[in-house]
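Structure assessment
As a plain string of letters, each chain reads:
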Amino acid sequence: MDRRGRHLWRNPLGRHPEIASHAHWVEPLLVGRIEFREATSGSLRHPAWKGIRSDVLPEQVRAPAP
(Lines give C-alpha, C1' and ligand atoms only; values in the text may rest on other atoms or scores of the structure.)
Protein backbone atom coordinates (compact mmCIF):
# COMPACT_ATOMS: atom_id res chain seq x y z
CA MET A 1 0.00 0.00 0.00
CA ASP A 2 1.08 3.53 -0.57
CA ARG A 3 1.02 6.29 2.03
CA ARG A 4 -2.62 7.10 1.20
CA GLY A 5 -3.73 3.53 1.87
CA ARG A 6 -4.26 2.59 -1.78
CA HIS A 7 -3.22 -0.85 -2.97
CA LEU A 8 -0.42 -0.69 -5.52
CA TRP A 9 -0.37 -3.12 -8.41
CA ARG A 10 2.66 -5.43 -8.57
CA ASN A 11 5.19 -5.58 -11.37
CA PRO A 12 3.72 -7.90 -14.04
CA LEU A 13 7.18 -9.06 -15.06
CA GLY A 14 7.88 -10.70 -11.71
CA ARG A 15 11.34 -9.15 -11.72
CA HIS A 16 12.73 -5.64 -11.86
CA PRO A 17 14.67 -5.11 -15.08
CA GLU A 18 17.30 -2.38 -14.86
CA ILE A 19 15.45 -0.22 -17.39
CA ALA A 20 12.36 -0.20 -15.13
CA SER A 21 14.12 0.18 -11.79
CA HIS A 22 12.34 3.48 -11.09
CA ALA A 23 9.01 2.54 -12.67
CA HIS A 24 5.77 3.25 -10.83
CA TRP A 25 3.43 0.32 -11.44
CA VAL A 26 -0.29 1.08 -11.60
CA GLU A 27 -3.37 -1.10 -11.90
CA PRO A 28 -4.52 -1.44 -15.53
CA LEU A 29 -8.01 -0.07 -16.14
CA LEU A 30 -8.15 0.15 -19.94
CA VAL A 31 -7.26 -2.24 -22.76
CA GLY A 32 -5.80 -1.02 -26.03
CA ARG A 33 -5.49 -2.68 -29.42
CA ILE A 34 -1.98 -2.73 -30.85
CA GLU A 35 -0.81 -4.22 -34.14
CA PHE A 36 2.82 -5.29 -34.43
CA ARG A 37 5.15 -7.12 -36.80
CA GLU A 38 6.77 -9.49 -34.33
CA ALA A 39 6.90 -10.24 -30.61
CA THR A 40 10.42 -10.73 -29.28
CA SER A 41 11.43 -11.54 -25.73
CA GLY A 42 10.19 -8.49 -23.84
CA SER A 43 9.28 -6.15 -26.70
CA LEU A 44 7.22 -5.66 -29.84
CA ARG A 45 8.64 -4.78 -33.25
CA HIS A 46 6.93 -1.92 -35.09
CA PRO A 47 3.97 -1.49 -32.72
CA ALA A 48 1.07 0.70 -33.90
CA TRP A 49 -1.72 1.98 -31.64
CA LYS A 50 -5.17 1.06 -33.03
CA GLY A 51 -7.47 2.22 -30.23
CA ILE A 52 -9.29 1.27 -27.02
CA ARG A 53 -11.03 -2.11 -26.64
CA SER A 54 -14.14 -1.82 -24.51
CA ASP A 55 -15.08 -5.49 -25.04
CA VAL A 56 -12.06 -6.89 -23.15
CA LEU A 57 -11.22 -6.66 -19.43
CA PRO A 58 -7.61 -6.05 -18.34
CA GLU A 59 -7.63 -9.42 -16.53
CA GLN A 60 -8.22 -11.19 -19.87
CA VAL A 61 -5.15 -9.77 -21.60
CA ARG A 62 -2.02 -11.92 -22.06
CA ALA A 63 1.31 -11.02 -23.61
CA PRO A 64 1.94 -12.47 -27.08
CA ALA A 65 4.26 -15.44 -27.29
CA PRO A 66 7.71 -14.59 -28.71
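Right above here is the structure, for reference.
Cut-off values and rules
- Residues numbered from 1 in each chain as written.
- Predicted model: local features only at pLDDT ≥ 70, side-chain atom pairs only at ≥ 80, totals over all residues.
- Heavy atoms only, no water.
- Helix = DSSP H or I, 4+ residues; strand = E, 2+ residues; numbered from the N terminus.
- Contact = heavy atoms within 4.5 Å.
- Salt bridge = Lys/Arg side-chain N within 4 Å of Asp/Glu carboxyl O.
- Buried < 20%, exposed > 50% of the residue type's maximum accessible area, 1.4 Å probe, protein only.

Here's the deal with the overall build of the protein chain
Counting its secondary structure elements, the protein chain contains zero helices and four strands. Of the regular secondary structure in the protein chain, the N- to C-terminal order runs β-β-β-β. For the protein chain, contacts bridging at least 24 residues in sequence account for 24% of all contacts bridging at least 6.

Here we look at the pattern of salt bridges
Within this structure, the stated rule accounts for four salt bridges. Glu35 serves as the salt-bridge partner of Arg33, at 2.9 Å between the closest nitrogen and oxygen. Overall, the relative accessible area of 38% leaves Arg33 in the partly exposed class. Residue Glu35 is classed as partly exposed on the basis of its relative accessible area of 38%. For the salt bridge of Arg45 with Glu38, the shortest nitrogen-to-oxygen distance reads 3.1 Å. Arg45 gets classed as partly exposed once you look at its relative accessible area, which sits at 43%. Residue classification places Glu38 among the partly exposed residues on the basis of a relative accessible area of 41%. It is possible to trace a salt-bridge network through shared partners that takes in Arg33, Glu35 and Lys50.

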